[in-house]
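Spelled out from the first residue to the last, the chains are:
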Protein chains: 2
Amino acid sequence: MAESTDLHRALEGLRSRGLRLTRPRRLILERLSADGAHASAEALYESLRSRRHRLGRATVFRTLKLFARLGIATGEAPAAPRRRFEVAAGKTHHDHMTCLRCGAVLEFVSPAIERLQRAEARRRGFVMQGHALEITGLCRCCAAARSRP
Amino acid sequence: MAESTDLHRALEGLRSRGLRLTRPRRLILERLSADGAHASAEALYESLRSRRHRLGRATVFRTLKLFARLGIATGEAPAAPRRRFEVAAGKTHHDHMTCLRCGAVLEFVSPAIERLQRAEARRRGFVMQGHALEITGLCRCCAAARSRP
DNA sequence: TTGAATGCAAAAGATTTGCACCGTC
DNA sequence: GACGGTGCAAATCTTTTGCATTCAA
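Residues numbered from 1 in each chain as written. Chains lettered and ligands numbered in written order. Predicted model: local features only at pLDDT ≥ 70, side-chain atom pairs only at ≥ 80, totals over all residues. Heavy atoms only, no water.

Trainee: Which residues make up the interface of chain A and chain B, and what are the values?
Mentor: With 65 residues of chain A at the interface, the matching set in chain B holds 65 residues. Three residues stand out in chain A for area buried against chain B, namely His-38, Phe-85 and Phe-126 of chain A, and they jointly supply 14% of the buried area on that side. Between the two partners, chain A and chain B, sit 0 salt bridges. Taken together, the connections running from chain A to chain B amount to 26 residue pairs in polar contact (both at pLDDT 80 or more). (Contact = heavy atoms within 4.5 Å. Buried area = accessible area lost by both parts, 1.4 Å probe. Salt bridge = Lys/Arg side-chain N within 4 Å of Asp/Glu carboxyl O. Polar contact = N/O pair within 3.5 Å; in protein donor to acceptor, adjacent residues only side chain to side chain.)

This is how it looks when you write it as structure tokens:
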């Protein structure tokens, strides 16, 4: 039921753009719809490939990217392709705001947010060990620059 | 001043474990201490390497990993090495709790946290476009399993 | 039929590992 | 002097791209 709804929605999204609902796309969508999957491209590739049907790794990546672009699927894309480091000594925990235009990183702390996170975890019996919050967008300068002609 | 403090602290951390404060380690620590850097391994490698001094890419990665282990530096390590996707259709925005033991992903929504994030961004003139919050730790099952002998 | 989509293989990007040599303690 | 650390190159892992072929519309 949920699957067929997803499928119809996806079909619309594709057709309205002159794109096609192919076998690989249907398979990936079905697998992703099942059991609220949070799957990686590799996991999908492994589980969908079989002796009977061929499927390319590249197709899975291409399809996921397409789905993300169309809003059919989402994937937590990291703001930075590379892992970023910073000194920790003498610093307390903090979170980040990353500017997507200039790459600037602002640090911020919100005790209230920390508290709420802890509460949410506790409510679910989840033993919280760490957390990472990243807000993406435009820093003050870049926002100003963009709004200018 | 802050740099020499960091350096001393790091030296302690290293020595107490029988590790050495070498040239590459000092350089990386200094560069990381400067201007509140949020730098990638590649960026550090590029900026520290020169015709006068040789420096290996591997050393930078090894050193950062070591620093992270010793608490001298931190880097937002993603809970999953691979990007994970999920269907978006019909779903509203939500955040994740990832179990580091079994890999389970719990979705949760906290309007209060969302609100606070928006407020923090606004306060800094940051135009928020997106955000990702991931809480890592142990899910109920794994926490229970671990506390058993 | 025809252009979009696929599978494969090769490339690219990020990080890790093996190993002989080097430098800190 | 011993042993931890380094540089280099090769290996790994994840994702992307080029291209001839296939297939949905």
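Trainee: Explain the pattern of salt bridges to me, using residue names and the numbers behind them.
Mentor: Residue and element names in this part refer to chain B. One pass over the full model with this rule turns up 12 salt bridges over all chains. Among the salt bridges present, the one from Arg-123 reaches Glu-120, with a minimum N-O distance of 3.7 Å. Taken together, the positions of Arg-123 and Glu-120, both in helix α5 (residues 111-123) and 3 residues apart, correspond to about one turn of that helix. Assessed through its relative accessible area of 59%, Arg-123 is described here as exposed. (Helix = DSSP H or I, 4+ residues; strand = E, 2+ residues; numbered from the N terminus. Buried < 20%, exposed > 50% of the residue type's maximum accessible area, 1.4 Å probe, protein only.)

Trainee: Can you tell me about the nonpolar core, naming the residues and giving the values?
Mentor: In terms of nonpolar packing, the biggest core is built from 26 residues, with Phe-126 and Ile-135 of chain A together with Phe-126 and Ile-135 of chain B touching the most fellow members. Going through the elements one at a time, β4 (95-99), α5 (111-123), β6 (127-138) and α6 (140-147) of chain A together with β4 (95-99), α5, β6 (127-138) and α6 (140-147) of chain B are the ones with two or more residues in this core. Ignoring any residue separated from it by four or fewer positions in sequence, one finds Ile-135 of chain A in contact with His-96, Met-97, Thr-98 and Phe-108 of chain A together with Gln-117, Phe-126, Met-128, Gly-130 and His-131 of chain B. (Core = buried A, V, L, I, M, F, W, Y, C linked by side-chain atoms within 4.5 Å.)

Trainee: Just give me the short version of the protein's contact with DNA strand D, but keep the residues and values in it.
Mentor: Taken together, the neighbourhood of DNA strand D is formed by 21 residues, with Thr-22, Arg-25, Arg-54, Thr-59 and Arg-82 of chain B sitting nearest. The sugar and phosphate moieties of DNA strand D supply 71% of its atoms located within 4 Å of the protein. Between DNA strand D and Lys-65 of chain A there is a distance of 3.1 Å, counted from a phosphate oxygen to a side-chain nitrogen or oxygen. Top element by residues in the surface near DNA strand D is helix α4 (residues 57-70) of chain A. It accounts for 5 residues. Here the residues of the surface near DNA strand D sort into 7 nonpolar, 3 polar and 11 charged. (Near = heavy atom within 4 Å. Nonpolar A, V, L, I, M, F, W, Y, C, P; charged D, E, K, R; others polar.)

Trainee: Go over the sheet that holds strand β3 (residues 84-87) of chain A, please, and point to the residues and values.
Mentor: The 3 strands lie next to each other as β1(B)-β3(A)-β2(B), forming an open sheet whose pairing is antiparallel. Sheet topology places β1 (39-40) and β2 (73-75) of chain B at the edges, where each strand pairs with a single neighbour. Taken together, the 3 bridges between β3 of chain A and β2 of chain B define a ladder with antiparallel strand orientation. Residue Val-87 of chain A lies in a different strand from β2 of chain B, and its bridge partner there is Ala-73 of chain B. (Pairing = 2+ DSSP bridges.)

Trainee: Summarise the domain arrangement of chain A; cite the residues concerned and give the values.
Mentor: Residues and elements named next belong to chain A. In terms of domain boundaries, chain A breaks down into domain 1 (1-91) and domain 2 (93-149). For domain 1 and domain 2, the distance between their C-alpha centroids amounts to 25 Å. On the side of domain 2, 8 residues touch domain 1, which itself brings 4 residues to the contact. Summed over both partners, the interface of domain 1 with domain 2 comes to about 480 Å²; 43% of that surface belongs to carbon and sulfur atoms. For Arg-84, the salt bridge identified is with Glu-134, shortest N-O distance 3.3 Å. The interface formed by domain 1 and domain 2 holds 4 residue pairs in polar contact (both at pLDDT 80 or more) in total. For the side of domain 1 that touches domain 2, the per-class residue count stands at 1 nonpolar, no polar and 3 charged. (Domains from an automatic or database assignment.)

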